[in-house]
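What follows is each chain in one-letter form.
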There are 2 protein chains.
Amino acid sequence: MHILNLSGIIFGLIGIIFTVFLTFKVLENSPGNEKMQKISGAIQMGARAFLISEYKILYVIVLIIFVLLGLINGWKMALSFFLGSTLSVSAGFFGMSIATKANTRTAHGAIESLSKGLKIAFNGGAVMGMTVASLGLFGLGLIFYLTNGDTVSMSGYAMGASLVALFARVGGGIFTKAADVGADLVGKTEAGIPEDDPRNPAVIADNVGDNVGDVAGMGADLYESFVGSIFSASALGVLVYDKEGAVFPFLVVSIGILSAIIGILVFNFSLKNKDDVDPSKALHFGTYIANGLTLLGVLFLSLMILKTINPFFVIFLGMIVGMIIGSITEYYTAKSPIKHLANSAVSGAAPLLISGMAVGMESTAIPVVLISIATIISYNLLGLFGIALAGVGMLATLGITLAIDAYGPIADNAGGIAQMAELESYVRERTDQLDAVGNTTAAIGKGFAIGSAALTALALFASYTKVTGLNIIDLSKSQVFIGALVGGMLPFLFSSMAMKAVGEAAEIMVQEVRRQFKEIVGLMEGKADPDYSSCVSIATKGALKKMVFPSLLAVFMPIIMFFILGKESVAGMLVGTTVSGVMLAIFMANAGGAWDNAKKYIEEGNFGGKGSFAHKASVIGDTVGDPFKDTAGPAINILIKLMSIVSIVVIPILMKIFK
Amino acid sequence: MHILNLSGIIFGLIGIIFTVFLTFKVLENSPGNEKMQKISGAIQMGARAFLISEYKILYVIVLIIFVLLGLINGWKMALSFFLGSTLSVSAGFFGMSIATKANTRTAHGAIESLSKGLKIAFNGGAVMGMTVASLGLFGLGLIFYLTNGDTVSMSGYAMGASLVALFARVGGGIFTKAADVGADLVGKTEAGIPEDDPRNPAVIADNVGDNVGDVAGMGADLYESFVGSIFSASALGVLVYDKEGAVFPFLVVSIGILSAIIGILVFNFSLKNKDDVDPSKALHFGTYIANGLTLLGVLFLSLMILKTINPFFVIFLGMIVGMIIGSITEYYTAKSPIKHLANSAVSGAAPLLISGMAVGMESTAIPVVLISIATIISYNLLGLFGIALAGVGMLATLGITLAIDAYGPIADNAGGIAQMAELESYVRERTDQLDAVGNTTAAIGKGFAIGSAALTALALFASYTKVTGLNIIDLSKSQVFIGALVGGMLPFLFSSMAMKAVGEAAEIMVQEVRRQFKEIVGLMEGKADPDYSSCVSIATKGALKKMVFPSLLAVFMPIIMFFILGKESVAGMLVGTTVSGVMLAIFMANAGGAWDNAKKYIEEGNFGGKGSFAHKASVIGDTVGDPFKDTAGPAINILIKLMSIVSIVVIPILMKIFK
C-alpha cells in the first residue's frame, strides 16, 4: 500500500523528466534569422515582464494568506497553500517561457515544411501541458505522502492553485484583450493595415497577450482544475474506500500522465520523415491513444485496488460526456450556426449580435443535460466519489489535451513573427493552416474543461458540506435561498468588472496607438519604428490594476456570507454561483467563439469576404466576443471553484474560532 | 368576518366602476382630424387583429388544460383556471383598445396644451392600470369567496393568469421588436428617413407593436404578478393567521385600489385649468399619494385584523426596497453610466456593446442585495407570509403604477400619429416631452415589478414545498443540485428562443420593407402609399409561430423533471430557474435600457449628435438591446412564476395519480 502513496511523486517526477527531454527537443530547433529572433525576444521580454509584475502583486496576497493560515491553523496547511501557489506560478512561467521560444522556431520550421512547424508547435504546447500536469501531480502527491493523505493540507494546496489561477486568468485575460482590441480597432479598422503588421504599435503587446493570457493564464487555469479535481476525489474517496479511495485518484492521474507521454511520442513518431501530413488527424490520433490507454489502465486499477468495475464505468462515462460536450461546443462555434451568423451579418452588426447571443445561450442546454446525466449515473454507481472521479477522468490526460490548447497560440504567434519578419508568404499560409487546426482540435479539451469544472464544483460543494458538518442544506430555509440568490449574482458582477477592465484598458490603448500613428513621422511608410513598449506597459498596468478586486471578491464573499447569515447560507451561495456561473461561462465562451469563427468564415470569401459590409459587422461581433470568451468566460469557472475551496478552507477555521 | 371575505369582490367592482367612468373621460376628447383618425384606426385594427389571432392559439391550449384539469382534478379548479385566463385576456384586450383610442386623442390634446396631452395620455394609461388591478382582484376575490378561501382553486386562477401572461409577453414582445428592428434598420439606417415617417412600410406595424407588446403584454404581465402575489400571500397567510391571514392580502390590495383611485383623481385635479405643468412632478405626486394612503390603511388593518404592527413594517419595507430598486434601475439606465456609454460609442459599436453589457451585469448586484435584505427582515418579522406580503405591498398600488407604465407607449404612439398626420412640429415636440417623462417616472413601477417578482417567486416556491409535503429540500442530494442546474439553464434557453424569434421575424421584415421601397413606384417621393398591412401580417405570423414552444417549455419542464427525478428535484429546478432568471432578467432589462438612453443622449447633440460615428454605433447598441429589454428580459420573470405555479397545481395531482 505504501508504494501506492508514492505514485503522485513518482509519476510526477517521470512527467518532469519527460518535460525536460521535450524542452531540449524544442530548443534544438533553429530560432530563425536575426529579425525573427529580435521579434521573438521582444515578445518574450514583454511576457516575462508582465508575469513578474503580476507575481509581485500576487505574492503580497499569497504571503498575507500564508501567514494568516499559519498563525491561525498551523503551518502544515499554510505551507501546502504556499507550495500549491508556487508550483502553479512556476508551471505558468516555465511553460510560457518555452512557448515564447517555440513560436519563432515554429515559424522557422514552417519554412522547411508544414509537418516540421506542426511538430515544433505541438511539442512547445506539450511542454506546457506536461509541466502543468507533472508539477500539479508531484506537488499534491508530495503533500499527500508527507501528511499521510491529510485532506485539510490538501485543501490548502488546492486553494493556492485556485488563487493563482484566478489572478492569472483575470490579469492575463485583461492584458490580452486590451491589446487585441486596441491593435484591431486602430490598426485594422482605422488605419487599414493587416493583422500583425510591424507598423502597428500594439502588435507586440498583442502577441505578448496571446502568451500571458492564452498560454500562462490557461495553464494556471487547468493546473487549478487538475489539482481541484484530484483533491476533491481524494477527499470524498477516503470516506467510502478508506486509504484505497484516497489514493485512487492519484493512480488514475498517474496512468493519465504515462498515457499522455505515450500519446505525445506517438504523435512525434507519426510525423517522422513525413513532409505531407494532415495536422488535425495527427493531433486527434495522439489524443485518442492517450485516452484509450488511460481507460485500459483505469480498468485494471478499478478491479485491482477498489475491487469493483464501477470506477472504470464512471471515468469512461466522464470521457464520453466530455467528448460530446466538446463536439457540441465545436458544433455551435464552427458548424452550421456559424454560417447562419455570417448570413445575419449581411443585415448588419445588430442582427449578428442578437443571433450570436442566442447561439451562446442555446449552447448551454445540451452540456447541462449531459453533465446532469453524468452526475446522476456516477452518483448511483459510486456516490459523491463517483461524481468527483468522473471529473478526474476528464482531466487525466491533461498533458496532451492542454498541449493541443497551448499549441494554438504558439502557431498564432509563429504567424505573427512570419508576418513581422517579412518571411515569404507561403510560410504565413502554413502557420495559418496550423493555427486553424488548433482551433478545432481544441474542442475536445474545452469539453473536458467545462465538464470537469462542473463536476468538480459539485464535488467541492459536497466536500464543503462534509467539513462543516452540514448533513442537510435545506433550500426551504430563506437564508439558504438568499444565499443562492446572492451567489447567483456574483458571476454577473464578476464578469461586469472583467469586461469593464478590458474596455477601459482598450480605450487607453486605442488612444496611444492613434497618438503614435499621428506623431511618429514616417511610421506608416515603414521608415520609423513604433514604440512597442509603451503599448505593452499600458496593457500591463491596466491588467494589474483591475485584476485585484474581482479576485478578492471570490476570497471574501464566502467569509462575509458566513458572518452575516451562517454556514448553511454559504452552501446556498456556492450552489447559486455554480448554477448561474456554469451557464454564463458556457454562454460567453460559445457566443465569443461563434462570432470569432463567423468573422473567419466571411474572411474566407463568403457573403462578400473581407472589406464587405458583412465583414465589418463581423469584426464588431468578434471584438465584442473577445472579452466574453477570453476574459470573463474562462475566469468564471475558476471563480466558482475558488469560492468553494476558500469555503472549505476558511469556514471550518472560522467555525472553530467563533464558537 | 364574512364581510371581509367579500372585500375582493366589492373593491374589484368599485375599481371596475371607476374604470368605466375614466374610459368615458378619455373618449369624450376629440380624436383629431380625419387623417389622424385613419392612422389611429389602422393601428387599432392591426393591434386587435393580432390579439385575436394570439388568443385563438392561446385558447386551444387553455381549453386543453381546462378539460384535463376538470377531468383529473375536478371542475372547481378547472373553472378557476378558465376564469383567471379569461379575465386576463379581457383586461389586456380592453385596456389596449382604450390605449389605442387614447393615442390620437393625446396627439390632438397636445395641439391645445402640454397638460391636456398629459392628462389624456395618463388617463388612457390609468384605464389599463385600473382594468388590470380591478379585474385581477375581482376575479380572485370571487374565487376566494365562492370556495371559502380554497387555495387549490386560487392556484388554478393564478395559473390561468400566468399562462396568458407568458403568451402575451412572448408573442407581443416578438411582434413589437420584429417590427421595430425592421422599421429602424431599413427606414432610419438605410433609407435615411426619420422615425414614424409615413413612407416607411413598417411604421404602422411598429406602432401596433407598441400596443400589443408594451401595453397588452405588460398588462398581462402585471395582472399575473398581481394575482400571483395575492394568491401566494393568502395561501401562506392562512397557515399562520388562519382566516384572517388568508383574507389579509385581499384587504391590502383593496386599500391599494382605493388609494390608486384617489391618486389618479389627485393627478387630474392638479392639472385642472393649468396649461403650464411639470409632468414628472405631477406623475410622481399621484404615485406618492397613492402609496402613502395605502400605508396608512395597512397600518390600520394590521392593528385591527392581525393585532400586530409587523405586516405594516413588512409592506413599508417592501415599498422602500421597491423604490430604491427603481432608483438603481434609473441610475443605471439614465444617469452617469449612460454618459459613459455614449462616450465609449465614440470608439465604436464594439466598446459600446461591451460596456453596455458590463453595466447591465453590474446592475444586478444592488437589487439582489436589497431583495435579500427585504426577504430576511420580512421572514424574521412574519415568516414566509412576511415575504409574500412584502411582494403584495409593492403591487398594491398597481392601478397607478401601471398607469404610468402604459402612459409611455400612448405618448409614444401620439408622437407617431402627430408625425404621420403631419401636424405642426410643436405638437411632436410636446409629445416627445411627454414620452421622455414617461421613461423616467416608469422607474418606480419597474422597481416594484422586479422586487415583487423575486419575492413572489420565493413565496410560490414556499407554497410548492407546502402542497407537496416537502419539509426539507436538501441541496446536498445530487438530484436536487441537478434540478437546480437544469433549472438555471432554462432562462438561457428560453431567452435564446425569444431572441432568435425576433431575429428571424425582423429579417423577413427587413426584406419586405426593402422590397416595397424598391418596387412601389413613387413611395419615397410620397406619391404612393406603402402596403402597411403586409408588414403587420409578417410580424403577426412571426410572433404567433414562435411564441408557442418557449411558452410550453415552462409548462412541461416541471412535469418532465418530476417524472425523471421526482418532486424534490422540481424544487431544485424552481430555485435554479429563479436564481439565474432573476439575474438574466435584470441584466437584459438594464443593458437594453442603457443602450436605448445612450442613443437618446447622443441624439440630444452630445458626442457629435445625430448622424455621427458615435450615433451609428449607438443605434446598433439600441437595436441589440431591443429584444433584451422588451422581449426576453420581461418574459423571464413570468417564466419563473409560471413554472412555480404549474408545479404547485400539477405536481400534487401527479403525486395522487402515481402513488
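The coordinates are above.
Note that the structure is predicted; figures quoted are calculated from it, not measured.

Colleague: Break down the overall build of chain A for me, with residues and values.
Modeller: A count of helical and extended segments in chain A gives 18 helices and zero strands. Relative to its length of 659 residues, chain A is compact, with a C-alpha radius of gyration of 24 Å against a globular reference of 26 Å. Seen through its principal axes, chain A has C-alpha atoms that stretch 70 × 55 × 45 Å. By residue count, 69% of the 659 residues in chain A fall in the buried class. Accessible area for chain A stands at about 20,300 Å²; split by element, carbon and sulfur atoms hold 64% of it.

Colleague: I'd like a rundown of the interface of chain A and chain B, residues and numbers included.
Modeller: Contact with chain A, which involves 64 residues of that partner, is made by 64 residues of chain B. Summing the contributions of chain A and of chain B, the shared interface buries around 6,000 Å²; its carbon and sulfur component is 81%. Its largest share of buried area at the contact with chain B, chain A owes to A:Met361, A:Phe481 and A:Phe492, together 12% of the area lost on that side. On inspection of chain A and its partner chain B, the count reaches two salt bridges. For the salt bridge of B:Glu362 with A:Lys500, the shortest nitrogen-to-oxygen distance reads 2.4 Å. Counting every contact that joins chain A to chain B gives eight residue pairs in polar contact (both at pLDDT 80 or more). Of all the secondary structure elements, the ones that give two or more residues to the side of chain A that touches chain B are helix H11 (349–362), helix H12 (365–395), helix H14 (425–467), helix H15 (478–519), helix H17 (567–603) and helix H18 (613–657) of chain A. The element contributing the most residues to the side of chain A that touches chain B is H15(A), with 17 residues. Its residues assigned to classes, the side of chain A that touches chain B shows 42 nonpolar, 18 polar and four charged.

Colleague: Outline the environment of A:Lys610, listing residues and values.
Modeller: Residue and element names in this part refer to chain A. Here Lys-610 lies in the loop between H17 and H18. Distance from Lys-610 to Lys-599, taken between C-alpha atoms, is 9.1 Å for residues 11 residues apart in sequence. Ignoring sequence-local partners within four residues, the contact set of Lys-610 consists of Ile-602, Glu-603 and His-615.

Colleague: So what's going on with the pattern of salt bridges? Residues and values would help.
Modeller: All names here are of chain A. What the rule picks out here adds up to 38 salt bridges over all chains. Here Lys-641 and Glu-224 are joined by a salt bridge, their closest N and O atoms 3.1 Å apart. With Lys-641 in helix H18 and Glu-224 in helix H7 (residues 203–271), this pair connects stretches of sequence that are 417 residues apart. Between Asp-432 and Arg-428 there is a salt bridge whose closest N-O contact spans 3.1 Å. Residue Asp-432 and its partner Arg-428 are located together in helix H14, separated by four residues, close to a single helical turn.

Colleague: Just give me the short version of the relation of the copies chain A and chain B, but keep the residues and values in it.
Modeller: Two chain copies here: they are related by a rotation about an axis and a translation along the same axis. Taken as rigid bodies, chain A and chain B are interconverted by a rotation of 180° and an axial shift of 0.0 Å, the fit giving an RMSD of 0.0 Å. In the structure described here, the two chain copies are related by an operation that fits a two-fold rotation axis. A symmetric contact is evident, with 100% of the interface residues of chain A recurring at the interface of chain B.

Colleague: Give me the nonpolar core: which residues, what numbers.
Modeller: In this structure, A:Phe122 and B:Phe122 are the most contacted members of the largest nonpolar core, which totals 506 residues. Once residues within four sequence positions are removed from consideration, A:Phe122 is found in contact with A:Ile264, A:Phe267, A:Leu283, A:Ile400, A:Ala403, A:Ile404 and A:Tyr407.

Colleague: A description of H12(A) should follow, citing residues and the corresponding values.
Modeller: All names here are of chain A. Taking 1.5 Å as the rise per residue, H12 with 31 residues should run 45 Å; its terminal C-alpha atoms sit only 22 Å apart, a clear shortfall. Where H12 bends most, the angle comes to about 135°, and this point is Leu-382. For H12, a buried count of 23 out of 31 residues is recorded, marking the element as mostly surrounded by other parts of the structure.

Colleague: Give a detailed account of the packing of helix H7 (residues 203–271) of chain B against helix H17 (residues 532–565) of chain B, specifying residues and quantitative values.
Modeller: Residue and element names in this part refer to chain B. At their nearest, the axes of H7 and H17 sit 7 Å apart, and the two run at 45° to each other. Judged on the interaxial angle alone, H17 and H7 are oblique. For the pair H7 and H17, the sense of crossing is right-handed. Contacts between H7 and H17 involve Val-203, Ile-204 and Ala-205 from the first element and Tyr-532, Cys-535 and Val-536 from the second. For the contact of H7 with H17, the class distribution of residues is six nonpolar, no polar and no charged.

Colleague: Any details on H7(A)? Residues and values, ideally.
Modeller: Residues and elements named next belong to chain A. If you check H7, its first and last C-alpha atoms are just 32 Å apart, much less than what 69 residues at 1.5 Å a residue would give, namely 102 Å. Of all the bends in H7, the greatest measures close to 155° and is centred on Tyr-241. Among the 69 residues of H7, 54 are classified as buried, and the element is accordingly described as predominantly covered.

Colleague: Residue-level account of the side chain of B:Asp221, with values.
Modeller: Along the chain, B:Asp221 turns up in helix H7. Among all residues touching B:Asp221, those that are not within four sequence positions of it are B:Ala165, B:Arg169, B:Pro634 and B:Ile638.

Colleague: Explain the environment of A:Gly451 to me, and be specific about the residues and the numbers.
Modeller: Residues and elements named next belong to chain A. Mapped onto the elements, Gly-451 comes out in helix H14. Gly-451 sits 131 residues away from Val-582 along the chain, and the two C-alpha atoms are 9.7 Å apart. Contacts of Gly-451, omitting those with residues within four sequence positions, involve Ile-325, Ile-371 and Met-394.

Analysis parameters
- Residues numbered from 1 in each chain as written.
- Chains lettered and ligands numbered in written order.
- Predicted model: local features only at pLDDT ≥ 70, side-chain atom pairs only at ≥ 80, totals over all residues.
- Heavy atoms only, no water.
- Helix = DSSP H or I, 4+ residues; strand = E, 2+ residues; numbered from the N terminus.
- Rg over C-alpha atoms; globule rule 2.2 N^0.38 Å.
- Buried < 20%, exposed > 50% of the residue type's maximum accessible area, 1.4 Å probe, protein only.
- Areas by Shrake-Rupley, 256 points an atom, 1.4 Å probe, with all protein chains shown as cover.
- Contact = heavy atoms within 4.5 Å.
- Buried area = accessible area lost by both parts, 1.4 Å probe.
- Salt bridge = Lys/Arg side-chain N within 4 Å of Asp/Glu carboxyl O.
- Polar contact = N/O pair within 3.5 Å; in protein donor to acceptor, adjacent residues only side chain to side chain.
- Nonpolar A, V, L, I, M, F, W, Y, C, P; charged D, E, K, R; others polar.
- Least-squares fit on C-alpha atoms with pLDDT ≥ 70 in both.
- Core = buried A, V, L, I, M, F, W, Y, C linked by side-chain atoms within 4.5 Å.
- Expected span 1.5 Å × (residues − 1).
- Bend = angle between axes of the 7 residues up to and from the residue.
- Axes fitted to C-alpha atoms, helices over the stretch in contact; angles between N-to-C directions.
- Parallel < 35°, antiparallel > 145°, perpendicular 65-115°, else oblique.
- Left-handed = near helix turned anticlockwise from the far one by under 90°.

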